[in-house]
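Here is how the chains run, residue by residue.
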Amino acid sequence: MTSTLYLDAAATSAVRREVLEAMWPYLTGDFGNPSSHHAVGESAARALAAARATVAEWLGCRASEVVFTSGGTEADNLAVKGIALGAPRGRHLVTTPIEHEAVLASVDYLVRVHGFEATYLPVGRDGLVSPDDFAAALRPDTTLASVMLANNEVGTVQPIAELTALAHAQGVPFHSDAVQAAGWLPLDVRALGVDALSVSGHKIGAPKGIGALYVRGRLPLEPVLHGGGQERGRRSGTENVAGVVALATAARLAMRDREAHAARATAARDAFTAAVLAQTPGAELTGHASARLPGTASFVFPGTNGETVLLELERRGIVSSSGSACAAGSEDASHVLLALGYDEDVARTAVRFSWGPEVTEDALVAVAPAVAEAVREVRGLAPETMKRHSCRMALLVAAFAPFGTNPVRRLRGE
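The structure reproduced in this document is the subject of the present report. (Residues numbered from 1 in each chain as written. Predicted model: local features only at pLDDT ≥ 70, side-chain atom pairs only at ≥ 80, totals over all residues. Heavy atoms only, no water.)

This part is about the packing of aromatic side chains. Counting across every chain of the model gives six aromatic pairs. For the pair Phe272 and Phe299, a centre-to-centre distance of 6.1 Å together with 80° between the ring planes defines the contact as edge-to-face. Remark: Phe299 occurs in strand β10 (residues 296-300) and Phe272 occurs in helix α8 (residues 241-279); sequence separation between them is 27 residues. Ring centres 5.9 Å apart and planes at 25° place the aromatic pair Phe299 and Phe301 in the stacked group. Both residues of the pair, Phe299 and Phe301, count as buried. Clustering of aromatic rings is evident, with ring pairs tying together Phe272, Phe299, Phe301, Phe353 and Trp355. Lys81 extends its terminal NZ or CZ atom over the ring of Tyr109, reaching a point 4.7 Å from the ring centre. Between Arg125 and the ring centre of Tyr342, over which it is positioned, the NZ or CZ distance is 3.7 Å. (Phe/Tyr/Trp six-rings, centres within 6.5 Å; stacked < 30°, edge-to-face > 60°. Helix = DSSP H or I, 4+ residues; strand = E, 2+ residues; numbered from the N terminus. Buried < 20%, exposed > 50% of the residue type's maximum accessible area, 1.4 Å probe, protein only. Lys NZ or Arg CZ within 6 Å of the ring centre and 35° of its normal.)

Right under this line is the structure:
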């Protein structure tokens, strides 16, 4: 392949031209602080209000229920810590072991620092949470339940509306991380029944550094950032007006295009998955076969190393990502795949392909032979060669992520 095909949209997406054009005035002429009481500041405040109304329309909520953040990680932190500490009826949390690290680390913080207890729900091989297990985990002192709408590694979509009904029957607030679902699935918070929902702009064509949290009505929320009292006192800090306008523009485009894009991506996903499984002996699709995101297909390739397969694919002009991560100088298997029941050796062979609406079914299906070829070549390498190829960033990650601060490792009892 002579050109690069980007299949890592679950990590980030390009900024859309319409988004760039919409935000440009608020980086130049209308650059004011929306808290300033002069013409330039008031212009920014009007843009902020209009953008909030658009995001509220996207989420099916009131504008006053939208809190702008710096991204999905901050939105998750604010939801989990803020709701748990805002008006806790107890010190018990319910979540899953396959959540994004932003949720897991926030739960870990509440356990370590504030004396909370956490229940981590088991998931099946398909990544689904059992409603029966969820109901059984709820207690009179449960302060918050947090289950992601769609998993960022394997793409499994959870039965959130069913889970929220069970939580509310026990008076338990429910938060969902919808960062990966945004742009692919409906995010009507009333239909989902959630009390809080996190989204991030850079997954739907806005720049990195902007996100939002829906928080239901008068649900108490303890701020994580303190200062000037912006965002109705729930998130202090001068609002990123250009970023907020970008998020609103991307949200408007998502509302317009979602159904058509999801239908095309689903057809492409199914054709691509079938081609990879047919052409690559031993390959296994991870996550649920059908209750999954339209634009994600993740596989394990036993007898390989995921990082080495990535290198071989990149040589062929295909950019994707691995389900494993490197930390503290050694390769850690994906906590998601371990929770799904894969052993560490198999989990380290994971490769995730994720794409945006611009990638056609024909382009995806054409990738399948390259995947089969890359896997075949890696299986022919000596184990020590695969080990040298893996964990390319181990030393860098070790410098910034010491063992003692890794909540996933603590979750696994390491």
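This is not the end of the story, as more comes after the structure.
Its location among the elements puts Ser322 in strand β12 (residues 321-322). Separated by 3.2 Å, the side chain of Ser322 and the backbone oxygen of Ala350 make a polar contact. Setting aside its immediate chain neighbours within four residues, Ser322 contacts Gly306, Glu307, Leu310, Ala350 and Val351. (Polar contact = N/O pair within 3.5 Å; in protein donor to acceptor, adjacent residues only side chain to side chain. Contact = heavy atoms within 4.5 Å.)

Now for the packing of helix α9 (residues 306-315) against helix α13 (residues 368-379). Relative to each other, α9 and α13 sit at 130°, their axes nearing to 9 Å. What the angle tells us is that α9 and α13 run oblique. Crossing angle aside, the handedness with which α9 passes α13 is right-handed. Residues Thr308, Val309, Glu312, Leu313 and Arg315 of α9 lie in contact with α13, whose contacting residues are Ala370, Val371, Ala374, Val375, Glu377 and Val378. Per-class residue counts for the contact of α9 with α13 are seven nonpolar, one polar and three charged. (Axes fitted to C-alpha atoms, helices over the stretch in contact; angles between N-to-C directions. Parallel < 35°, antiparallel > 145°, perpendicular 65-115°, else oblique. Left-handed = near helix turned anticlockwise from the far one by under 90°. Nonpolar A, V, L, I, M, F, W, Y, C, P; charged D, E, K, R; others polar.)

Side chains that are three or four residues apart share a direction in an α-helix, a result of its 3.6 residues per turn. Burial runs high along α9: eight of the 10 residues are buried. Among the residues of α9, Gly306, Glu307, Thr308, Val309, Leu310, Leu311, Glu312 and Leu313 are the ones counted as buried. The opening residue of α9, the one whose side-chain oxygen lies 2.9 Å from the backbone nitrogen of Glu307, is Asn305. Phi turns positive one or two residues past the end of α9, at Gly317, with a value near 85°.

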